Amino acid sequence: MIKRLLFFCLLILSGLTFLSAETKKSGVIVIQGATVVTVTGDPIPGGTIVIEGDRIAAVGKDIPVPAGAVVLDATGLFAYPGMIDAGCFLGLQEIRMVRATVDSQETGRVNPQVSALEALRPDSMHIPISLSTGITAALVLPSGGLISGKCGLIKLTGWTTEEMTIKDPVAMVVQFPSMRGSRRPSDTPQPPSRNLQDLQEIFDQARYYGQAVSAAAADKALPLPDFNETLQFMQPVVSGELPVLFNVHSEKDILDCIDFVKKEKIKAVFMGVTLGWKAADKIAEAGIPVILGSMTDMPSSWDDGYDAVYRNPVLLHEAGVKIAFSSQSSSLAKDLPSMAGKAAAFGLDRSEALKAVTINSAEILGVAESMGSLEKGKLANIVLCDDDILELRTNIRHVFVEGVEADLSTVYTELLNKWKKRHKKPE
Amino acid sequence: MNRRFYIITVVFLLIGTALPTFAQDVLIKNGTVLTVTKGTIENGDVLIKKGIITRIGNNIEAPAGFKVIDATGLYVMPGIIDSHTHIALTGTNEGTDAITSEVKMRDVINSEDPGIFTALSGGVTMVHTMHGSANPIAGENVTLKLKWGKTAEDMLVSEAFRTLKFALGENPKRANSFGPTRGTPRYPQTRMGVIAIIRREFLRAKQYKEDWDRYNQAVKKNKRLIPPRKDLRLEPLVEMLEGKMFARVHAYQADETLEFIALAKEMGFKIACFEHVSEAFKITKELVEENIGISIFADGWAYKMEASQGIAYNAGYATKKGVLVSINSDSGERIRRLFNDAAKAMKYGGLNEEEALRLITINPAIQLGVDKIVGSLEVGKHGDIALFREHPMSIYTRCEKTIVEGEVYFDREKGGEK
C-alpha cells in the first residue's frame with residue numbers, strides 16, 4: 001500500500017518537474033479567454049495574450065497557441081496592464097511613526113546628492129501588498145526640504161534593489177509645500193516665493209560651477225573650482241538631462257514654476273497640483289504633465305468647494321493636461337486604483353482614469369516603450385482580475401511581472417493564515 | 001385696521017415657525033432602496049412624515065404638501081453612522097492627567113465645525129464623537145445627528161448609550177506631549193501601568209460607592225450625618241459599575257484587549273465596544289463569547305508599532321466569525337468616504353454588498369444603542385437617508401443628497417450648500 005502511494009507521489013512529482021521543464025524550454029505562456037483591456041486600443045472580449053520570455057509576443061483574438069506553450073484559461077477574467085504608482089514611499093517608510101523605519105526624508109533643505117533607491121528596502125512588507133493589488137511598478141520618492149533628492153522607478157518583484165530597478169534616477173524632486181487656508185488673491189503682482197528664489201540661486205550657481213568645471217577640463221592650466229557637492233549633483237538638472245519633479249500646489253507657485261521651467265529650459269513634471277484646476281490652461285499650454293497627489297487630501301480652502309480635490313483631475317484632463325495618479329503612501333500604496341476611481345466618480349471618464357494609472361504614468365516617467373499597456377513587444381506586466389481593476393471589490397487572480405507569475409501572498413495573508421489556525425474548530 | 005394687520009402678521013409668523021414640520025414631510029421616489037435589514041427594493045419609494053419613515057414600497061403617492069425627491073437612477077440607503085470620530089468638538093484630549101473621567105464631550109460641541117458638512121458630503125448622518133486617547137480613562141463621549149446649521153442641543157441623540165472613553169497601549173503611554181507638564185513622564189508609561197491605574201480608579205470608585213451607600217442607609221436614621229464628599233472624577237465610574245454607562249476602549253493589540261476584558265469582569269462593568277483593534281482577527285473567539293463589538297479601520301495600519309499587524313482582512317474576517325464590526329473614520333477626512341472603506345471588506349474578507357453596508361449602518365447603530373431608531377430603512381425609524389449615484393459599494397459612486405429626519409442637509413446639485 002505504502003509502496004503504491006510512494007510510487008504515485010513520484011509519478012506526480014515527475015509530472016510536475018516535466019511541466020516546469022517544458023515551460024522553461026519553450027518559455028511561452030498563453031492567457032486565453034479574458035477580456036483584454038489593452039488601454040491603448042479597444043478591449044478585446046475573449047482575447048488571447050501570448051507571453052514569450054519577458055515580453056508580450058501577441059495580443060488579439062483567435063491567436064493560435066504556439067506548440068509547447070503553457071495555457072492559462074482566463075475565461076471570465078479581465079486582463080489589464082500592471083498599474084504604475086507614479087509617486088509613493090514604498091521601501092522607504094515601514095511604520096511611519098517609528099523613526100528607525102523611515103528613510104524618506106533627509107535633514108536639511110537642499111539634498112540633490114541623495115537617491116531614494118539607495119535607501120530602498122526590497123523586503124518591505126508593503127511592496128507585496130501593492131503588487132497583489134495589480135500594481136507592478138512604482139516611482140519611489142524622497143521628501144522634505146526644498147530639493148529632496150532623486151526619485152527612481154522600481155518594479156514590485158525582485159530580491160534586491162538592483163533586480164527591482166527599472167529606471168534611476170527618474171527626476172530630481174523639488175518641493176513647494178501646499179498652503180493651507182484660503183489666501184485672498186492680490187491685485188499687485190507678488191514676488192516669487194522664497195523657495196523659488198532659493199532654487200533660482202542654486203541653478204545660477206550650478207550653471208556657473210558647471211562652466212568652471214568644463215573650462216578646467218578643456219584647459220589643464222585652469223584651476224578646478226572648489227568641490228561643491230550640491231552644485232555637482234545639480235549638473236544633470238541644469239543641463240536639462242534630468243527632469244525636475246516639482247511638488248507644487250498653489251496657483252501662484254504653479255504659474256511661477258511654469259515660468260521658471262521655460263526660462264531655465266529644463267524638463268519638468270508637476271506633482272500634487274492640488275489647485276491645478278485654477279491654472280489648468282497654463283499647465284496644458286506649457287505641456288507639463290501632472291502626477292496628481294493623494295485624492296484623500298482635503299481642499300485647501302472651503303471656498304473651492306467640498307469636492308475641489310475630487311474634481312481637479314477631470315478639470316486638468318479637459319484642459320488638455322496629461323495626468324497620472326500616485327498613492328503618496330507606503331502602507332496604503334495599494335489604494336492607487338481608488339484614487340483613479342474617485343476621480344471617475346467626480347467626472348473623469350473611466351477609460352481616462354485607467355490610463356492615468358497605466359499608460360499616462362508610463363509616458364510621464366519615460367518608460368512607455370516597455371510598459372503601460374498590453375501591446376506586442378512591451379514587457380509582460382499583466383494583471384488578471386475578476387472585475388473592473390479600479391473597483392474596490394475586485395479580486396486580483398494572477399499578476400505577471402516581466403513574464404513571470406508573481407507570488408501574491410502578503411503579510412496580510414501570512415498573518416491571517418497563521419491566526420486562522422487558532423480559530424479552527426477541532427475535527 | 002391696525003389691530004387686524006397685527007393679527008394677520010402674527011398668524012403668518014406662527015405659520016412660518018410651524019413650517020419646519022412640513023419640511024420633514026418628504027417622499028423619496030423611484031430609487032433602488034437598500035434597506036440593509038430587509039433587502040433591496042427596485043424602483044422603491046420611501047415616505048417620511050415628520051421625520052419618521054411611515055412607508056417603504058413601490059408606487060407610493062405623495063400626500064398633499066409632501067416634498068418629492070426624485071431618486072430615479074439613485075441608490076437610497078440609510079444614513080451612514082460613524083461609530084468613532086472626533087468632529088464637531090472644540091477639544092479632544094484632556095491630556096494633563098492620566099484619569100479625567102469627569103470631562104464630557106457634550107460640553108465642547110462645535111456645531112459650526114466644517115467637519116459636519118464634510119461628513120454629510122459622504123452620506124454620514126450620525127456620529128459618536130469621542131474624547132481622544134491620551135488617557136487610560138478619558139471622558140464621556142457624545143452621539144450627534146448631523147443637523148448642519150442647527151444648535152448643539154438640536155444635534156444631541158438622547159436615545160444613544162452613554163459611553164466613557166478608555167485608552168490602552170501606545171497613546172496613553174506616551175501622552176505627555178500636552179500642556180505645561182509637557183515632557184515630564186506621566187504615570188503610566190507601560191501597559192502594566194495602564195491596566196493598574198484603571199484598576200486603581202475602579203477600586204476607588206467602589207469604595208466611594210460603598211461610602212455613599214452606607215451614608216444613604218445611615219442618614220435615614222440620623223438626618224444630621226455629614227455626606228461623603230462628592231467626587232466628580234469617580235461619579236462616572238460609579239455609573240459604569242451601576243450599568244448606566246459603558247466603556248468604549250481604544251485598544252490596538254490583541255493582548256491588551258483581552259487584559260481589559262478580564263479587568264472589566266474583575267471590576268464588574270460593561271464594555272460597549274473596542275476601538276481600532278488592529279488585531280481583532282486574533283481574538284474573534286473571545287469577542288464573540290463576550291459579545292463585544294469592534295469599531296475599526298478598513299485598512300489603516302502600520303503608522304505605529306501597535307498598528308503594524310492591522311491587516312485589511314480584519315473587518316471581513318471578524319464579521320464572518322460573528323463579531324459585530326463597524327468601520328469608523330477617526331478622522332474629519334476619512335469620514336466622507338466610509339462607504340469606500342466598507343467596500344474594502346468585500347475584497348478582503350469576502351463580504352457581500354449587504355454585509356459590507358452593515359459595517360457603516362446597522363452595526364454602528366447597534367454599538368451606539370440606537371438601532372431601534374436608525375441604521376436601516378424600516379417603518380418607524382428616523383428618515384435619515386443618503387442618496388448615492390451608483391451602488392454605494394462601488395468606487396464610482398458619489399453621495400448626491402444627505403437627509404436627516406426628512407430634511408436635506410447636503411445637496412450636491414446646490415453646490416453642496418444647504
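In this text, all values refer to a predicted model and were calculated from it rather than measured experimentally.

Brief notes about the overall build of chain B
Right, on to step 1. A count of helical and extended segments in chain B gives 12 helices and 17 strands.
Right, on to step 2. Taken over the C-alpha trace, chain B has a radius of gyration of 23 Å; the compact-globule value for 418 residues is 22 Å, and the two agree within 12%.
Right, on to step 3. Residues counted as buried form 59% of the 418 residues belonging to chain B.
Right, on to step 4. For chain B, the proportion of contacts with a sequence separation of at least 24, taken over those separated by at least 6, is 68%.
Right, on to step 5. Total accessible area on chain B is roughly 16,900 Å²; 52% of this is exposed by carbon and sulfur atoms.
Right, on to step 6. With 56 positive and 52 negative side-chain charges, chain B shows a spacing of 4 Å between the two charge centroids.

With respect to helix H7 (residues 251-264) of chain A
Since there are 3.6 residues in each turn of an α-helix, residues three or four apart along the chain are aligned in direction.
All names here are of chain A.
Right, on to step 1. Over its 14 residues, H7 runs 20 Å from end to end, which matches the ideal 20 Å to within 8%, given 1.5 Å per residue.
Right, on to step 2. Listed in full, the buried residues belonging to H7 are Asp253, Ile254, Asp256, Cys257, Ile258, Phe260, Val261 and Glu264.
Right, on to step 3. In the core, the buried residues of H7 are packed alongside helix H4 (194-218), strand S10 (244-248), strand S11 (268-272) and helix H8 (280-286).
Right, on to step 4. Once H7 ends, the next one or two residues include Lys265, with phi positive near 50°.

Brief notes about the sheet that holds strand S7 (residues 124-129) of chain B
Residue and element names in this part refer to chain B.
Right, on to step 1. Here we have 3 strands laid out as an open sheet, ordered S6-S7-S9, and mixed in their pairing. Here the strands that pair on one side only, and so sit at the sheet edges, are strand S6 (80-85) and strand S9 (142-145). Taken over all neighbouring pairs, the strand axes of this sheet differ in orientation by 20° on average, direction set aside.
Right, on to step 2. Here 4 bridges tie S7 to S9, and the two strands are oriented antiparallel to one another. Pairing of His128 across the sheet is with Thr143, part of S9.

Rules of the game
Residues numbered from 1 in each chain as written. Chains lettered and ligands numbered in written order. Predicted model: local features only at pLDDT ≥ 70, side-chain atom pairs only at ≥ 80, totals over all residues. Heavy atoms only, no water. Helix = DSSP H or I, 4+ residues; strand = E, 2+ residues; numbered from the N terminus. Rg over C-alpha atoms; globule rule 2.2 N^0.38 Å. Buried < 20%, exposed > 50% of the residue type's maximum accessible area, 1.4 Å probe, protein only. Contact = heavy atoms within 4.5 Å. Areas by Shrake-Rupley, 256 points an atom, 1.4 Å probe, with all protein chains shown as cover. Lys, Arg positive; Asp, Glu negative; His and termini not counted. Charge placed at Lys NZ, Arg CZ, Asp CG, Glu CD. Expected span 1.5 Å × (residues − 1). Pairing = 2+ DSSP bridges. Axes fitted to C-alpha atoms, helices over the stretch in contact; angles between N-to-C directions.

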